[in-house]
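# Coordinate analysis (summary)
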Amino acid sequence: MSKIVNYSMANRGEIAQFLPAKDLSADGLRLLDKMRQVARARQEDLDHQGVDWGLPVQDALEQLVSGRADSPAEWAGSAYYVALQIVIDHNGSDMSTLASYRSPITVFTTLDDRLSAAGVAADLLPSQYIFSGPPSEIAFHIPRPVEGSPEIGCWPMQKAGPAITAYREVLDRIDPDLRYELNELIEALDGWYAEWADGEGSFWWAEDTSVFFSVVG
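Bear in mind the structure is a predicted one, so any value in this text is a computation, not a measurement. (Residues numbered from 1 in each chain as written. Predicted model: local features only at pLDDT ≥ 70, side-chain atom pairs only at ≥ 80, totals over all residues. Heavy atoms only, no water.)

## Looking at the side chain of Ser210
Mapped onto the elements, Ser210 comes out in strand S4 (residues 209–216). A residue is classified by how much of its surface remains accessible, and Ser210, at 0% relative accessible area, is buried. Among the polar contacts made by the side chain of Ser210, one reaches the main-chain carbonyl oxygen of Asp208 at a distance of 3.2 Å. Every residue in contact with Ser210, bar those within four places of it in the chain, is listed here: Ser8, Met9, Ala10, Arg12, Cys154, Trp155, Pro156 and Met157. (Helix = DSSP H or I, 4+ residues; strand = E, 2+ residues; numbered from the N terminus. Buried < 20%, exposed > 50% of the residue type's maximum accessible area, 1.4 Å probe, protein only. Polar contact = N/O pair within 3.5 Å; in protein donor to acceptor, adjacent residues only side chain to side chain. Contact = heavy atoms within 4.5 Å.)

Following this line, the structure appears as structure tokens:
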């Protein structure tokens, strides 16, 4: 079974304001209501599939917006990550798909090794941000899914620029069987980074803008 790696652009602070949700504006409250509707619909879909994580997605969302993620259920991490992704989706750009892989963690850790051997700095290697977990602005711990799916990653735009440059410099030295994957990652990062870098000073620009990754399947 393949897993799909998606990505979008969002501001970390806008996401963190819902975790916990305090002093929300009228617009924020309306957005939270939409998240709750999506969470209920997502749980209905899981129910139809016979998937039981021991914590309904709508309950996971309510815990997150109250500032906690302490369910004792073994599979609660999956519900929390789905709920968190709903928050990210409602505060970010439309999601795009990077690629589908049988084992994304294998692809990107192997790519880490090849990039490192080619001289790319350790803090620019892709697996660390594609699978990094929630942004650090969220002040409480959110447990990861037991089997690593779904997964969430966060990469500040300030880091994306140096990564793009470093990847392009070594692209022709990467094994041909991984060169396509690396080029797709470069294009995905550069699409958002170029828009962010060129947009400084615009009403929508924010220093904490980041590329968010979602691994599902």
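After presenting the structure, the write-up continues.
## Quick look at the sheet that holds strand S3 (residues 151–156)
One open sheet holds the four strands; their spatial order is S2-S1-S4-S3, and the pairing between them is antiparallel. Every interior strand has two partners, whereas the edge strands, strand S2 (96–101) and S3, have only one. Each strand of the sheet is rotated relative to its neighbour by a mean of 25 degrees, with strand direction disregarded. Here S3 runs beside S4; their pairing, made up of six bridges, is antiparallel. (Pairing = 2+ DSSP bridges. Axes fitted to C-alpha atoms, helices over the stretch in contact; angles between N-to-C directions.)

## Quick look at the side chain of Ser214
Its place among the elements puts Ser214 in strand S4. On the basis of relative accessible area, Ser214 is assigned to the buried category, the value being 4%. When near neighbours in sequence (up to four residues on either side) are disregarded, Ser214 contacts Ile4, Val5, Asn6, Gln85, Met95 and Glu151.

## Description of unusual backbone geometry
A cis geometry characterises the amide bond from Leu19 onward to Pro20, with omega recorded as 0 degrees. Along the polypeptide, Pro20 turns up in the loop between helix H1 (12–16) and helix H2 (26–49). Positive phi, normally seen in glycine, also occurs at Asp23, with a value near 50 degrees. Among the structural elements, Asp23 can be located in the loop between H1 and H2. Of the residues examined, Asp23 reaches a relative accessible area of 81% and is grouped as exposed.

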